[in-house]
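Chain by chain, the residues run as shown.
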Amino acid sequence: MKIRSLVAVLACLGMSFSAIADDASGAFVSVPGKAALLRHQTVTGQVTAVDPATRVVKIKPTNGEEREIVAGNEVRNFAQIKVGDKVSVEAIQALTLELKKGGAGIRERVDAVDAQRAQEGEKPAGAVGAKVTVLADVTKVDKKKSTIDLRGVHHSLTLKISDPNQLNLIAVGDQVRGTYVEAVGVAVTPATGSKQ
């Protein structure tokens, strides 16, 4: 399967795979009946403005356009964010797909989320991770068009399989298990020469 196919599987199974940025590093691996995609990016920037009334923070990435971020009430220690502070965001996205032979019938979707945030008095920081696991049925295989139809718990999709060796492994009645993991961590460090 190619990367575009992996993104299409996510859409079919009710997940979103929003690219972090065009320059994110990534790796793609495919072996018979399995495929995996990993994307990783670290973005750093500087706080250019803070509006305490609206909780809007403007951040200018090292290479990119200034952006506004609304820091919700769950952002602890918001008052400590100052112009000049450094912001670092690290994001990881991973998708694995695995063909399950002859398992059609029981479809499932399991969602899990975990989050952590800074302690009282520390500079704002936090991390959030989400994991979605879906088991979808293969309802049709069209070798002439190199496509398969998948039916998940909430969505169905026709998926193009560009690798003929992978396509030959798939039959109606099989299932595809997809696991998508996304984690984002944010840290704010004081500007050089400023006190925390």
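In the block above lies the structure referred to throughout.
Reference entry: report on the structure contained in this document. In this text, all values refer to a predicted model and were calculated from it rather than measured experimentally.

Calculation rules
Residues numbered from 1 in each chain as written. Predicted model: local features only at pLDDT ≥ 70, side-chain atom pairs only at ≥ 80, totals over all residues. Heavy atoms only, no water. Pairing = 2+ DSSP bridges. Helix = DSSP H or I, 4+ residues; strand = E, 2+ residues; numbered from the N terminus. Phe/Tyr/Trp six-rings, centres within 6.5 Å; stacked < 30°, edge-to-face > 60°. Lys NZ or Arg CZ within 6 Å of the ring centre and 35° of its normal. Buried < 20%, exposed > 50% of the residue type's maximum accessible area, 1.4 Å probe, protein only. Polar contact = N/O pair within 3.5 Å; in protein donor to acceptor, adjacent residues only side chain to side chain. Contact = heavy atoms within 4.5 Å. Core = buried A, V, L, I, M, F, W, Y, C linked by side-chain atoms within 4.5 Å. Salt bridge = Lys/Arg side-chain N within 4 Å of Asp/Glu carboxyl O.

Observations regarding the pairing of strand S10 (residues 175-189)
Here comes step 1: Where strand S5 (residues 86-100) and S10 come together, 15 bridges link them in antiparallel fashion. For Leu-95, the partnering residue across the bridge sits in S10 and is Tyr-180.

Remarks on the packing of aromatic side chains
Each aromatic ring pair is specified by the distance between its two centres and by the angle formed by the two planes.
Here comes step 1: Following the criterion strictly, the structure yields zero aromatic pairs and no others.
Here comes step 2: A cation over an aromatic ring shows up here: Arg-55 above the ring of Phe-78, its NZ or CZ 4.4 Å from the ring centre.

Brief notes about the environment of Ala-136
Here comes step 1: Its location among the elements puts Ala-136 in strand S7 (residues 125-142).
Here comes step 2: Linking Ala-136 and Val-153, residues 17 residues apart in sequence, is a C-alpha distance of 7.1 Å.

Points about the side chain of Asp-85
Here comes step 1: Note on placement: Asp-85 falls in the loop between strand S4 (67-70) and S5.
Here comes step 2: Accessibility expressed as a relative area gives 1% for Asp-85, which makes it buried.
Here comes step 3: Of note is the side chain of Asp-85, whose polar atom sits 2.9 Å from the backbone nitrogen of Lys-82.
Here comes step 4: Other than its neighbours up to four places away in sequence, Asp-85 contacts Gly-45, Gln-46, Val-47, Gln-80, Lys-123, Val-188, Thr-189, Pro-190 and Ala-191.

Describing unusual backbone geometry
Generally, phi is negative for residues other than glycine and the peptide bonds are trans, each holding for most cases.
Here comes step 1: Positive phi, normally seen in glycine, also occurs at Arg-55, with a value near 60°.
Here comes step 2: Checked against the element boundaries, Arg-55 lands in the loop between strand S2 (34-51) and strand S3 (56-61).
Here comes step 3: Judged by its relative accessible area of 18%, Arg-55 is buried.
Here comes step 4: One non-glycine residue, Ser-146, adopts positive backbone phi at about 55°.
Here comes step 5: Along the chain, Ser-146 turns up in the loop between S7 and strand S8 (147-151).

Remarks on the pairing of S5
Here comes step 1: In this sheet, S5 lies alongside S2 in antiparallel orientation, the contact comprising 13 bridges. Paired with Ala-36 across the bridge in S5 is Thr-96.

Description of the nonpolar core
Here comes step 1: Ranked by size, the top nonpolar core spans 13 residues in total, and within it Val-138, Ile-148, Leu-150, Leu-159, Ile-161, Ile-170 and Val-176 carry the most contacts.
Here comes step 2: Of all the secondary structure elements, the ones that give two or more residues to this core are S5, S7, S8 and S10.
Here comes step 3: With three residues, S5 is the single largest residue contributor to this core.
Here comes step 4: Core analysis: the second largest hydrophobic core is formed by eight residues, Val-47, Ile-59, Val-87 and Val-188 among them.

Here we look at the pattern of salt bridges
Two side chains bearing opposite charge may form a pair once their charged atoms approach each other closely.
Here comes step 1: Inspection of every chain in the model, using the stated rule, returns six salt bridges.
Here comes step 2: The partner of Lys-100 in a salt bridge is Glu-98, and the shortest N-O contact between them spans 3.6 Å.
Here comes step 3: Lys-100 sits in the partly exposed class, given a relative accessible area of 30%.
Here comes step 4: Residue Asp-137 is joined to Arg-107 by a salt bridge in which the shortest nitrogen-to-oxygen separation is 3.6 Å. Of this pair, Asp-137 sits in strand S7 while Arg-107 sits in the loop between S5 and strand S6 (108-117), placing them 30 residues apart in sequence.
Here comes step 5: Judged by relative accessible area, which is 26%, Arg-107 ranks as partly exposed.

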